[in-house]
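Each chain, written out:
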Amino acid sequence: MTPLSLLLIVSSLWFTLGLFAVLTRRNAILILVGIELMLNAANLNFIAFWRYGPPDPDFTGPLFVLFSIAIAAAEAAVGLAIILMVFRHTRSTDLNRLDSLHG
Amino acid sequence: MTPLLILCPMMILAALGAVWLARPVHAALFLALALALTAVVYLAVGADFIGLVQFMVYVGAVAVLIVFSLLITRPGDEAEELLRRPRSWVTGLACTLPVFAVLVYAASRHTCLPDAAPENPSLSVESFGRVLFTTHAPAVLAVGVLLTAVMIGAALFAKEAHASSHTEPTRKPNTPGDS
Amino acid sequence: MSGFDASHSAAVLWAPECWPRLPQRLVEMLLHFCGAPDWLVTIGGLVAAAGTVVGVFLTGFALLSLIERKTLARIQNRIGPNRAGWFGILQPVADGIKMLTKEDIVPTKAEWFLHLLAPILIVVPSILALGVLPYGREWVPVPLDLGLLFFFAVGTLTELAVFMAGWASGSKFPMLGAMRAISQMVSYELPLMLSALGVIMVSGTLSLPGIVAQQSGFLLGFIPAWNVFTPWGLSAGLVFYIASIAEANRCPFDLPEGESEIVAGHMTEYSGFKYALFFMGEYLGLFAISGLGITLFLGGWQAPFPGLGSVPSWIWFFSKLVVVIFSFLWIRGTFPRVRIDQLMRFAWLCLIPMALLTIPAAGIWHFAGGGLIGWAVTVPMLLVPWVVLTIHYNKRLAPATRTYTFADS
């Protein structure tokens, strides 16, 4: 097993686990945990291909990861701010209870 | 290769913990562990700068934010969560297993790449910064605008509830009878 | 950092400049002559180098715990510890024995594993951070290219440790203390890092020895070319100094453990050696952050006057450390504790804007070459906001005049 395929397997497992968390968790904050796992799986792929893939003199992989980290931080901040707003209104972070528009 | 062989099982275990554990705080701490291990992997493969940034942003900021909002919202009983697990997990597995199969299939088909990894030079900060601030300067500016907008937006979100507490609380002077 | 280098002559080895590296050299030599392989020599040398740093700063921690009590006592017109040994010199030993022999209590509602992990995680980042600082011309325990980034990255681990301590204790005061501590650390980390950005821009490197080397030389023959003697450096250094007091949880920003409000904050449920570990982590963190401030703004190990080249450089580093730490003690003895909303507002509305303003000032200084143009542009650019902010927040933040009615009036 080459290092590349090892990292790729880990990252596909991470992506799957993140997706699983998003689908099964009910606490909005824990859904965010799943999203972070999926984002990191993608980042891991970029670094793995930069290191073990074809030569990359322009640092495309690390650059993409750097921007992705910055955007993920922004996403986490906004996501948590929204969750806190929702919590303030409903006193709950359980997404299944946010059904006041349910017909 | 050896560090990766040690790190990868740990990463998988940490991610499993983040997904599997019922108590939200435990899950969040395992997420922090998983993100820290990712940073170590980046360091191990030679992307030092990215590894340290990953550690600083994810462990220092994102994980702390998640944990902090768990503290504020105080998610209550995980008994309910455990109770409805079997049903939701079957659905979850049914949805995610095909995704996993597709991903592994795609990952196993990188035969077009050379088998022996070419020795990419490790990430030198100087040349990395040069590329970042010349070729990708517009993207850096865009990210800067995005982060500023996020900062202002998050501050506005947070301000709404605390608007009343900003004013100095008025104190009633003590009356002699009280003391 | 390759294995034993036989080219080091005895003269270089025994020079005062290299004294702090003697343990490392001796271990390397010993292993080399015992026929150990090269990697073992390297690892042994690194362990000895780390041991030197840890030993020096643990001694410093013991001394500081005594000096702090003595200084505070002097400020408050008391005598302070004077029973154990002459001048109370054995007080740290007595404290240590007391802490070690105390019963270790874990509350029944606590999560024992996280409760145990937290004090360890508090100490580890401080020691890691101490490992990358340049203490002398020849004494850099681990010379990293990304030393500054490494310092900040490991420093963020403290927040998670504080959270673990507060949450795992399973009671309300630790939880409140942890919430306060985390919000304070997150808010004050921003000005801390932003004020370091100007230094990175001007010196063009993230390596701490490189930043020290950039501050060598003297202006006009007698003013040291330290960053603090430039307008942007003074401004950034001031922000860094205030933020580092908050980051080290020192008075007047010691709200997380404000004993009059929330007992001891996140440390409430700890006793014995774990409690001592929290204190150790706090003091080691204080050493680390002051050391970083010295490296960034006060010229690191550079001598303060010309013509002192014969004095070993690490003496200058530690002299500066003593001065900075003494100023922390003085501030602790002088200022009252601030309120939590004043603390947060001060960080977000005063320190962060000022830290942001020092970045363009550093850029202008860098491109103007530091000459007259640099002074003419950056001094008003920074002085005006500082004065305006000071006046404004003195008006806004000063407590309203309160009326007290006393029983006997």
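The preceding data block contains the structure.
I will try to describe carefully the structure that is included in this document. (Residues numbered from 1 in each chain as written. Chains lettered and ligands numbered in written order. Predicted model: local features only at pLDDT ≥ 70, side-chain atom pairs only at ≥ 80, totals over all residues. Heavy atoms only, no water.)

All names here are of chain C. Tracing the chain through its elements places Arg250 in the loop between helix H10 (231-247) and helix H11 (259-262). Looking at Arg250, the relative accessible area reads 6%, which means it is buried. Apart from the residues lying within four places of it in its own chain, the contact partners of Arg250 are Glu68, Ile245, Tyr283, Leu286, Phe328, Leu329 and Arg332. (Helix = DSSP H or I, 4+ residues; strand = E, 2+ residues; numbered from the N terminus. Buried < 20%, exposed > 50% of the residue type's maximum accessible area, 1.4 Å probe, protein only. Contact = heavy atoms within 4.5 Å.)

A word on the pattern of salt bridges. All names here are of chain C. Per the counting criterion, the structure on display carries six salt bridges over all chains. Between Arg25 and Glu28 there is a salt bridge, with the nearest N and O atoms lying 3.3 Å from each other. Note that Arg25 and Glu28 are positioned in helix H2 (residues 22-33) at a spacing of three residues, about one turn of the helix. The residues Arg25 and Glu28 share a single accessibility class, namely buried. Note that Arg250 and Glu68 form a salt bridge whose closest N and O atoms lie 2.9 Å from each other. A residue pair is termed long-range when its members are at least 10 positions apart, and Arg250 in the loop between H10 and H11 and Glu68 in helix H3 (residues 38-75) qualify at 182 residues. Overall, the relative accessible area of 3% leaves Glu68 in the buried class. The network of salt bridges with shared partners includes Glu68, Arg250 and Arg332. (Salt bridge = Lys/Arg side-chain N within 4 Å of Asp/Glu carboxyl O.)

A word on the interface of chain A and chain B. Counting residues at the interface gives 66 residues for chain A and 79 residues for chain B. For the pair chain A and chain B, the summed buried surface comes to about 6500 Å²; carbon and sulfur atoms form 79% of the total. There are seven residue pairs in polar contact (both at pLDDT 80 or more) connecting chain A and chain B. Ranked by the residues each element gives to the side of chain A that touches chain B, the list is headed by helix H3 (residues 60-90) of chain A, at 21 residues. In the side of chain A that touches chain B, the residues fall into 48 nonpolar, 10 polar and eight charged. (Buried area = accessible area lost by both parts, 1.4 Å probe. Polar contact = N/O pair within 3.5 Å; in protein donor to acceptor, adjacent residues only side chain to side chain. Nonpolar A, V, L, I, M, F, W, Y, C, P; charged D, E, K, R; others polar.)

Let us look at the interface of chain C and chain B. Put simply, an interface is often sized by how much accessible area is lost when its parts join up. Listed as interface residues are 28 residues of chain C and, on the opposing side, 26 residues of chain B. Surface buried jointly by chain C and chain B totals about 2600 Å² across both partners, of which 77% is contributed by carbon and sulfur atoms. Inspection of the chain C/chain B interface yields one salt bridge. In this structure, Arg23 of chain B engages Glu111 of chain C in a salt bridge whose closest nitrogen and oxygen atoms are separated by 2.8 Å. At the boundary of chain C with chain B, the tally comes to two residue pairs in polar contact (both at pLDDT 80 or more).

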